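The chain contents come next:
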Amino acid sequence: MIRYALRCGKDHTFESWFQDSAAYDAQVRRKLVTCPVCDSTAIEKAIMAPRIASRKGRAKDTSAPAHPPAVTETPPPASESTPLLMAQERELRAKLKELRDHIVKNADNVGERFPNEARKMHYGEIEHRPIYGEASNEEARALIEEGVEVSPLPVLPDDRN
């Protein structure tokens, strides 16, 4: 992962993480990188200082190094999010919630009977209808191995309260 300091055409600055420099170039070319302040897609890299790794236990030497310093690229801590990532996370969560709400509104909750109901529909024992419910990992695996099409309902952080 690599972090870039970025600037939009209106001079707003922000940071974002990319898999590598090629991923950054591809996303900017496809206009997938936008300013979190003004949604501009006119984005360029801003000047940023590299993070220099020092040798553990040694004081930093101010004289010229014999070898170039190592530049390290580390992902941000889980608790630290850039404005761009926060906006993308909010958008993704909203879409997942919309999907889940649609399923809950338009399907029958069969609870713990889900594996049996899904099997009965798959084998033509009962009429097909949209359902959702509960299944253990083992039950879900068994359904998939039998060819029964199942998908987990998204669980969002707000659901765990």
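Draft legend 1. Seen up close, a negative patch on the surface. A surface patch of negative charge is lined by E112, E134, E138 and E139. For E112, the location among the structural elements is in the loop between strand 4 (108-111) and helix 3 (114-122). The class of E112 is exposed, set by a relative accessible area of 67%.

Draft legend 2. Looking closely at the confidence of the model for the protein. For the protein, the average pLDDT comes to 77, and 73% of its residues sit at 70 or higher. Low pLDDT, under 50, characterises residues 57-80; the predicted model gives this stretch 17 contacts beyond four residues in sequence or across chains.

Draft legend 3. Expanded view of the side chain of E117. Along the chain, the position of E117 falls in helix 3. We classify E117 as buried; its relative accessible area is 11%. Within the structure, E117 has its side chain in polar contact with the side chain of R129 (distance 3.3 Å). Ignoring any residue separated from it by four or fewer positions in sequence, one finds E117 in contact with V110, I126, R129 and I131.

Draft legend 4. Region of interest: the layout of surface pockets. Considered as a void within the structure, the largest pocket measures approximately 680 Å³ in volume. Around the largest pocket, the lining is made up of 28 residues, and of these F114, I131, E149, V150 and S151 lie nearest the centre. For the lining of the largest pocket, a count of residues per class yields 16 nonpolar, nine polar and three charged.

Draft legend 5. Geometry of the pairing of strand 4. The pairing of strand 4 with strand 5 (residues 131-133) spans three bridges and is classified as parallel. Paired with N109 across the strands is Y132, a residue of strand 5.

Draft legend 6. Broad picture of the pairing of strand 2 (residues 13-18). Pairing of strand 1 (residues 2-8) with strand 2, which is carried by six bridges, proceeds in the antiparallel orientation. Its bridge partner being in strand 2, I2 is matched across the sheet by F18. In this antiparallel pair of consecutive strands, strand 1 and strand 2, the connection spans four residues, and D11 shows a positive phi of 70°.

Draft legend 7. How the structure looks around helix 3. Of the residues making up helix 3, those classed as buried are F114, P115, E117, A118 and M121. Buried residues of helix 3 fall within an arc of 165° about the axis and therefore sit on the same side. Where helix 3 is buried, its residues touch strand 4, strand 5 and helix 4 (137-145). Looking one or two residues past helix 3, G124 carries a phi angle of roughly 80°, positive in sign.

Calculation criteria
Residues numbered from 1 in each chain as written. Predicted model: local features only at pLDDT ≥ 70, side-chain atom pairs only at ≥ 80, totals over all residues. Heavy atoms only, no water. Patch = residues over 30% accessible without salt bridge, like charges linked within 9 Å, V, L, I, M, F, W, Y side chains within 5 Å. Areas by Shrake-Rupley, 256 points an atom, 1.4 Å probe, with all protein chains shown as cover. Salt bridge = Lys/Arg side-chain N within 4 Å of Asp/Glu carboxyl O. Lys, Arg positive; Asp, Glu negative; His and termini not counted. Charge placed at Lys NZ, Arg CZ, Asp CG, Glu CD. Helix = DSSP H or I, 4+ residues; strand = E, 2+ residues; numbered from the N terminus. Buried < 20%, exposed > 50% of the residue type's maximum accessible area, 1.4 Å probe, protein only. pLDDT = per-residue confidence, 0-100. Contact = heavy atoms within 4.5 Å. Polar contact = N/O pair within 3.5 Å; in protein donor to acceptor, adjacent residues only side chain to side chain. 1 Å grid on protein atoms, 1.4 Å probe; cavity = no way out; pocket = protein on both sides within 12 Å on 5 of 7 lines; lining within 4 Å. Points joined across faces, edges and corners; volume = space filled by probe spheres on them. Nonpolar A, V, L, I, M, F, W, Y, C, P; charged D, E, K, R; others polar. Pairing = 2+ DSSP bridges. Arc of directions from axis to C-beta.

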